[in-house]
Amino acid sequence: QVQLAESGGGLVQPGGSLRLSCTSSRSINNIPRMGWYRQAPGKQRELVALINSAGGTNYPDSVKGRFTISSDNTKNTVYLQMSSLKLEDTAVYYCNAAILTLNGTWRDYWGRGTHVTVSS
């Protein structure tokens, strides 16, 4: 069982920056993969950034070069640094933890989300 708590959302102007945090209830050293997803009104949830336990990262083209995912294992926290924000980045951002179960399947855990609004 993993509880995830996001923070750091808010209102920011286009071109601005924001850092989101996701704190896990258990050590993230043992979580193979964590990530950030977002869901805009009327749209499906989409991947924003992934980080694995080895520190490898992955981003979709829509945020590559603007967003950076990182982790601090001492704080059990994953961050999403967002820069050069655009209007289309407006969404609810969710933290995700993916854990491999004993029967070999992946189980996803989600936070409640934090709102990010990009507006002038």
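That block above? That's the structure.
A brief look at the structure comes next. (Residues numbered from 1 in each chain as written. Predicted model: local features only at pLDDT ≥ 70, side-chain atom pairs only at ≥ 80, totals over all residues. Heavy atoms only, no water.)

1. What about the pattern of salt bridges?
On inspection of all chains with the given rule, the structure shows four salt bridges. For arginine 38, the salt bridge identified is with aspartate 89, shortest N-O distance 2.9 Å. Remark: aspartate 89 occurs in the loop between strand 8 (77-82) and strand 9 (91-100) and arginine 38 occurs in strand 4 (residues 33-39); sequence separation between them is 51 residues. The pair formed by arginine 38 and aspartate 89 is uniform in burial state, with each residue classed as buried. A cluster of three or more residues bridged by salt bridges with shared partners is formed by Arg38, Glu46, Arg66 and Asp89. (Salt bridge = Lys/Arg side-chain N within 4 Å of Asp/Glu carboxyl O. Helix = DSSP H or I, 4+ residues; strand = E, 2+ residues; numbered from the N terminus. Buried < 20%, exposed > 50% of the residue type's maximum accessible area, 1.4 Å probe, protein only.)

2. Topic: the sheet that holds strand 7 (residues 67-72)
Here we have four strands laid out as an open sheet, ordered 1-3-8-7, and antiparallel in their pairing. Bordering the open sheet on either side are strand 1 (4-7) and strand 7, each of which pairs with just one other strand. If you compare each strand with its neighbour and ignore which way they point, the axes differ by 15° on average. Across six bridges, the pairing between strand 7 and strand 8 is antiparallel. Bridged to isoleucine 69 within strand 8 is leucine 80. (Pairing = 2+ DSSP bridges. Axes fitted to C-alpha atoms, helices over the stretch in contact; angles between N-to-C directions.)

3. Examining the nonpolar core
Judged by nonpolar contacts, the single largest core of 29 residues is most densely connected at Met34, Trp36, Leu80, Met82 and Tyr93. Where this core is concerned, the elements lending two or more residues are strand 3 (18-24), strand 4, strand 5 (46-52), strand 7, strand 8, strand 9 and strand 11 (114-118). Looking at which element gives the most residues to this core, the answer is strand 9, with five residues. Among all residues touching methionine 34, those that are not within four sequence positions of it are Leu4, Cys22, Ile28, Ala49, Leu50, Ile51, Ile69, Val78, Cys95, Asn96 and Ala97. (Core = buried A, V, L, I, M, F, W, Y, C linked by side-chain atoms within 4.5 Å. Contact = heavy atoms within 4.5 Å.)

4. So, the pairing of strand 9
The element strand 9 is largely enclosed, with a buried count of nine among its ten residues. Relative to strand 9, strand 4 runs antiparallel, the two being bridged by seven bridges. Within strand 9, the position partnered with arginine 38 by the bridge is tyrosine 93. By the bridge criterion, three bridges tie strand 9 to strand 11 in an arrangement that is antiparallel. Residue pairing across strands places tyrosine 93 opposite threonine 114, the latter belonging to strand 11. As defined by bridge partners, strand 9 adjoins strand 10 (residues 106-110) across five bridges and the pair is classed as antiparallel. For isoleucine 99, the partnering residue across the bridge sits in strand 10 and is arginine 107. Connecting the antiparallel pair strand 9 and strand 10 is a turn made up of five residues, with glycine 104 showing a positive phi of about 90°.

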